[in-house]
Amino acid sequence: MYIRNYISILICCLLLAACRKQIELGTYPYESDKEPLDVTLNTDALRPAVSAPGTTVTLFGEGFDNYKKEEMLVRFNGEPAEITSVTDTRLEVKVPLRASSGMITLTINKQVLPGPQQQISGPVSMDAVYKSFPGASGGSISAIRFQDDGKYIIVGNFTDYDNAGEADGVNGMARLNSDGSIDRSFRTRIGFRGGSVNDALRLPDGRYLVAGGFSNYRARFRPGLVQNMITLNNDGSPDTILVQSPVLEKPDTLPGFNVGFDAPVTKMHRQTDGKIVVTGSFRKIFRKVYGGLSADGKRDSTYIDTFFVNYFARLNSDLTLDTTYNFDRRLPAGKITVNGSVFDSYLNSSDELIIAGSFTTFNNVPAVRIARLDTLGLLDPAFSVGTGPDNDVRSIDQLPDGRIIASGYFLNVAGTVRKKLALFSATGVLDNSFDPGESVVGNVMHARVLDNGKILVSGFFDVFQSYKRDGIAILEPDGKLSPTFNNFGGFKNGFVFSSTSVTARSSIVLVGAFTNFDLKPVSGIVKLNY
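Everything numeric in this text was worked out from a predicted model, so none of it was measured.

> Before we move on, can you summarise the overall build of the chain with the specific residues and values?
Counting secondary structure elements, the chain contains one helix and 48 strands. Since a compact globule built from 530 residues should have a radius of gyration of about 24 Å, the 30 Å found for the chain marks it as more spread out than a globular shape. Taking the principal axes of its C-alpha atoms as reference, the chain extends roughly 100 × 85 × 50 Å. The buried share of the chain, reckoned over its 530 residues, is 50%. Put simply, the chain shows about 24,900 Å² of open surface, and 52% of that area lies on carbon and sulfur atoms. Charged side chains in the chain number 55 positive and 55 negative. The centres of these two groups are separated by 5 Å.

What follows is the structure, given as structure tokens:
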């Protein structure tokens, strides 16, 4: 029996050895067939740390003279540069005219060596005084407004700003000084924690009308009293009123603003007469009347009038509901509006509202993703984009002459190729003088007209018209990438949500969700001078 077991084991071993002899190993699939480069490139920062296009910089390393000058290619953030001189340890390189801040690389025999980061000077620069770091933390900045006194209001879902050191943080809204530092005379404290603020409009009396998606402020009020809009005092405290309850000894403190919305409010626009147009995803507006007894006579109650509306409303200058704006008093309810979402809007000088989004009709009339409303909130038939963009429009802005720049997901406009960007006349006709060509692989989420007539765009892209542009680019009025105004490096991990121009100062402040700009740490906010 033991002999049989030994024989069986011996046979298995012989078979296994025979199988192993038949196995042949192939070439390692990830091994390069190229000879290792006999060169090193120093990655230490260059001196000076900032270079201008057309100037010469020196790259350091070893073994450069092992290769012909024609075999080497140096790029500045992707842009090819001219090598003017080669020694064993030095490369003299001329900065390309279209260079932008970023990494310098050396390519030999299709092998790329990373080099130092280099900042490129030019007409656009990050404001050295404005505080962009530590900036916003715990969330992003969704919108910004520039005030007449030189300060800024920012809103979003952030929980702190500028490492303020406040015990309860800085939640959803902050006021900044002209240098970007936090204005400590305005305090939200626990503020809008758990919610998000989309817009804030300073009122003539110094208060703020604040809108977004939130249900309380400083956890101060009973449920149902704050519904996506509230007024704050100039110091950030809630604007309140005292209501004498018929059953309580002490007056009750309630929000001073008594209008609520059943869903988030996205944007607000003040007309020349002081009225305020609001947009959002809301379908109902609640008007609250405080005081009185409930049906059982045991407690005070809040009477609520409900108005059915459709994504648009207007408040009078005293913040009461204006029932003349896109409203049928006979019902009473708002008239039919868009059949999709509104992503962006602005008010022109005639108090007409231009809207953009995913909709294709307004009150069952064709209005393809861009439309204009008259001063009563009705579709303006004098404006039409025809069959319009073939996909969502995410952002719009107006040129000084009334033309409209639009950006988004679309590839065609009324049958004409327009990839992610298009320009329309004041009446909605596609303007053929603007053509972005291939533009981006990705989407353009934000477009803003600069004071010099150029157009700043931002979104999900790292290349624009074949040039390296990480999430941001500046275009000429004809849609081509500006050859001189893109010297700066782009964003890291994000893009622009909103922006505000600093009037007559050739400056713009960008806000959003990003952590780096032009090789410098920032956090959701940056000011550019141009």
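Don't stop here, the text continues.
> Would you mind going over the side chain of Gln-271 in detail, with residue names and values included?
Inspection of the secondary structure assignment puts Gln-271 in the loop between strand S21 (265–270) and strand S22 (276–280). Under the relative-accessibility criterion, Gln-271 is labelled buried at 7%. Among the polar contacts made by the side chain of Gln-271, one reaches the side chain of Arg-314 at a distance of 3.0 Å. Every residue in contact with Gln-271, bar those within four places of it in the chain, is listed here: Val-277, Arg-314, Leu-347 and Asp-351.

> Outline the side chain of Thr-58, listing residues and values.
One can find Thr-58 in strand S3 (residues 56–62). Relative accessible area serves as the criterion here: at 18%, Thr-58 is assigned to the buried category. Within the structure, the side chain of Thr-58 is placed 3.0 Å from the side chain of Glu-92, a separation counted as a polar contact. For Thr-58, the residues in contact, after removing those within four places along its chain, are Leu-46, Arg-90, Leu-91 and Glu-92.

> Explain the sheet that holds strand S15 (residues 196–202) to me, and be specific about the residues and the numbers.
An order of S15-S16-S17 is seen for the three strands of this open sheet, with the pairing classed as antiparallel. Since the sheet does not close on itself, it has two edges, and those belong to S15 and strand S17 (229–232), each with one partner. Averaged over all pairs of adjacent strands, the angle between strand axes in this sheet comes to 25 degrees, irrespective of strand direction.

> Which residues make up the environment of Val-197, and what values do they have?
Turning to its location among the elements, Val-197 is positioned in strand S15. We classify Val-197 as buried; its relative accessible area is 0%. Residues contacting Val-197, with those up to four places away along its chain left out, are Ser-142, Val-155, Gly-156, Gly-172, Phe-192, Val-210, Ala-211, Gly-212 and Phe-214.

> Run through the sheet that holds S21, naming residues and quoting values.
Judged by pairing direction, the sheet is antiparallel, and its three strands sit side by side in the order S21-S22-S25 without closing on themselves. Strands with a single pairing partner mark the edges of an open sheet, and in this sheet they are S21 and strand S25 (312–315). Across the sheet, the axes of successive neighbouring strands diverge by a mean angle of 25 degrees, strand direction being ignored. With five bridges connecting them, S21 and S22 associate as antiparallel partners. Along S22, the bridge assignment pairs Val-265 with Gly-280.

> Tell me about unusual backbone geometry, and name the residues and values.
In this model, Arg-47 is joined to Pro-48 through a cis peptide bond whose omega is 5 degrees. Along the polypeptide, Pro-48 turns up in the loop between strand S1 (40–41) and strand S2 (50–51). A cis geometry characterises the amide bond from Phe-133 onward to Pro-134, with omega recorded as 10 degrees. Locating Pro-134 in the fold gives a position in the loop between strand S9 (125–126) and strand S10 (136–137).

> Provide a residue-level description of the pattern of salt bridges, including the pertinent values.
By the definition in use, this model includes 25 salt bridges. In this structure, Arg-222 and Asp-252 form a salt bridge, with 2.6 Å as the shortest nitrogen-oxygen distance. With Arg-222 in the loop between strand S16 (208–213) and S17 and Asp-252 in strand S19 (residues 252–255), this pair connects stretches of sequence that are 30 residues apart. With a relative accessible area of 40%, Arg-222 lands in the partly exposed category. Residue Asp-252 is classed as buried on the basis of its relative accessible area of 17%. Between Glu-352 and Arg-372 there is a salt bridge, and its shortest N-O distance comes to 3.9 Å. Of this pair, Glu-352 sits in the loop between strand S28 (342–347) and strand S29 (353–357) while Arg-372 is found in strand S32 (residues 370–373), placing the two residues 20 residues apart along the sequence. No difference in accessibility class separates Glu-352 from Arg-372, as the two residues are buried. Taken together, the shared-partner salt bridges in this structure form one network comprising Lys-151, Arg-175 and Asp-183.

Analysis parameters
- Here the residue numbering is sequential within each chain, running from 1 through the sequence in written order.
- Only residues with pLDDT of at least 70 are given local features in this predicted model, and only at 80 or more are side-chain atom pairs given and counted; all residues enter the totals for whole chains, interfaces and linings.
- Processing note: side-chain calculations cover all non-hydrogen atoms of the structure and skip hydrogens and water entirely.
- In this description a helix means any DSSP run of H or I spanning at least four residues, a strand means any run of E spanning at least two, and both kinds are numbered starting from the N terminus.
- Values of the radius of gyration come from C-alpha atoms, whereas the globule rule sets the reference at 2.2 Å times the count of residues to the power 0.38.
- Buried residues are those whose accessible area, probed at 1.4 Å on protein chains only, stays under 20% of the maximum for their type, while exposed residues exceed 50% and partly exposed ones sit between those limits.
- Surface accessibility in these figures is a Shrake-Rupley result with a 1.4 Å probe; residues are shielded only by whichever protein chains are displayed.
- Residues counted as positive are Lys and Arg, residues counted as negative are Asp and Glu, and His and the chain ends are not counted.
- We put the charge of a Lys on NZ, of an Arg on CZ, of an Asp on CG and of a Glu on CD.
- N or O atoms closer than or at 3.5 Å make up a polar contact, with two conditions inside protein: a donor-capable atom paired with an acceptor-capable one, and, for residues adjacent in sequence, both atoms drawn from side chains.
- Note on definitions: a residue-residue contact is assigned when non-hydrogen atoms from the two residues lie within 4.5 Å.
- DSSP calls a pair of strands paired once it identifies at least 2 bridges connecting them.
- Here an axis means a line fitted to C-alpha atoms, over the contact stretch when the element is a helix, while the angle between two N-to-C directions is reported on a 0 to 180 degree scale.
- When a carboxyl oxygen of Asp or Glu lies within 4 Å of a side-chain nitrogen of Lys or Arg, that pair is called a salt bridge.

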